[in-house]
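The primary structure of each chain is shown beneath.
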Amino acid sequence: MVGTLSGALEARKIPTSPDKVQAKVQGTIEAPEGVLKITKIDCHYQVKVPQGKESAAERALSVFEKGCPVAQTLKGAIQFEHTWELESY
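This is a predicted model, so every value here is computed, not measured.

J.: Please explain the sheet that holds strand E3 (residues 79–88) as it appears in this structure.
T.: Each strand in a sheet pairs with its neighbour through backbone hydrogen bonds, running either in the same direction (parallel) or in the opposite one (antiparallel). With respect to topology, 3 strands assemble into an open sheet ordered E1-E2-E3, the strand pairing being mixed. Among the strands making up the open sheet, the edge pair consists of strand E1 (21–30) and E3. Going from strand to strand, the sheet's axes swing by 15 degrees on average, the running direction of each strand aside. Where strand E2 (residues 37–49) meets E3, 10 bridges bridge the pair, whose relative direction is parallel. Among the inter-strand pairings, Lys 40 is bridged to a residue of E3, identified as Gln 79. In this fold helix H2 (residues 54–63) packs onto E2 and E3, with an angle of close to 170 degrees to the strand it touches most, E3.

Following this line, the structure appears as structure tokens:
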């Protein structure tokens, strides 16, 4: 997912390396019907953005999941929650 997000940011002329995009990801495992499975994935992104590119970054963050192969493959089976922090430089 970070790769897809980075691509969306780069398409908007927002550099992503080195170390400009980080993610903290946590899964929730439950046992509905007695079988363990991942039911939710929380993704928190920390993105460093050049001044003046904040709104473009917000747009990329709000839509990148639609073009993410992982998210689209797991859609309906696992709930995703995306949050983010932008830091201007």
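Having seen the model, we can carry on.
J.: Before we go on, may I ask you to explain H2 in this structure?
T.: Residues separated by three or four positions in an α-helix point in the same direction, a consequence of the helix having 3.6 residues per turn. The set of residues buried in H2 consists of Ala 56, Ala 57, Ala 60 and Leu 61. Looking straight down H2, one finds its buried side chains confined to an arc of 135 degrees; they lie on one side. Structurally, H2 contributes buried residues whose contacts are with helix H1 (2–11), E2 and E3.

J.: Sorry if this is basic, but what is going on with the nonpolar core here?
T.: Side chains of nonpolar character tend, in soluble globular proteins, to be buried together. Membership of the largest hydrophobic core comes to 19 residues, with the highest contact counts inside it found for Leu 5, Leu 9, Ile 14, Tyr 45 and Val 47. A total of 5 residues in this core trace back to one element, the largest contributor, which is E2. Apart from residues no more than four positions distant in its own chain, Leu 9 is found in contact with Ile 14, Thr 16, Val 21, Val 47, Ala 57 and Ala 60.

J.: Would you mind showing me how to read the environment of Cys 43 here?
T.: Structurally, Cys 43 is set in strand E2. Excluding residues that lie within four positions of it along the chain, Cys 43 makes contacts with Met 1, Lys 24, Val 25, Phe 80, Glu 81, His 82 and Thr 83.

J.: Just to check I follow, could you spell out the pattern of salt bridges for this structure?
T.: Between side chains of opposite charge, pairing is possible as soon as their charged atoms come close. Inspection of the entire model under this criterion finds 1 salt bridge. Of the charged contacts in the structure, one is a salt bridge between Lys 40 and Asp 42, with a shortest N-O distance of 3.5 Å. Residue Lys 40 is classed as partly exposed on the basis of its relative accessible area, which comes to 24%. In this structure Asp 42 comes out as partly exposed when scored by relative accessible area, which is 27%.

The rules behind each value
By convention here, each chain's residues receive numbers from 1 onward along its written sequence. The model is predicted, so local features are restricted to residues of pLDDT at least 70 and side-chain atom pairs to those at 80 or more, both for listing and for counting; the totals for chains, interfaces and linings are taken over all residues. Only hydrogens and water are removed before side-chain values are computed, so all heavy atoms of the structure are retained for them. At least two DSSP bridges between two strands are required for those strands to pair. To qualify as a helix, a DSSP run of H or I must reach at least 4 residues; to qualify as a strand, a run of E must reach at least 2; elements of each kind are numbered from the N terminus. Axis lines are fitted through C-alpha atoms, for helices just across the contact stretch, and the angle between N-to-C directions can take any value from 0 to 180 degrees. Only heavy atoms matter for contacts: two residues are in contact if any of them lie within 4.5 Å across the pair. Exposure categories follow from relative accessible area, calculated using a 1.4 Å probe and restricted to protein chains: below 20% of the type maximum is buried, above 50% is exposed, and the middle band is partly exposed. Here the arc refers to the directions that run from the helix axis out to each C-beta atom. To form a nonpolar core, buried Ala, Val, Leu, Ile, Met, Phe, Trp, Tyr and Cys residues must be joined to one another through side-chain atoms within 4.5 Å. Whenever Lys or Arg places a side-chain nitrogen within 4 Å of a carboxyl oxygen from Asp or Glu, that contact is recorded as a salt bridge.

Such coordinate-based values are descriptive only and should not be taken to indicate function.
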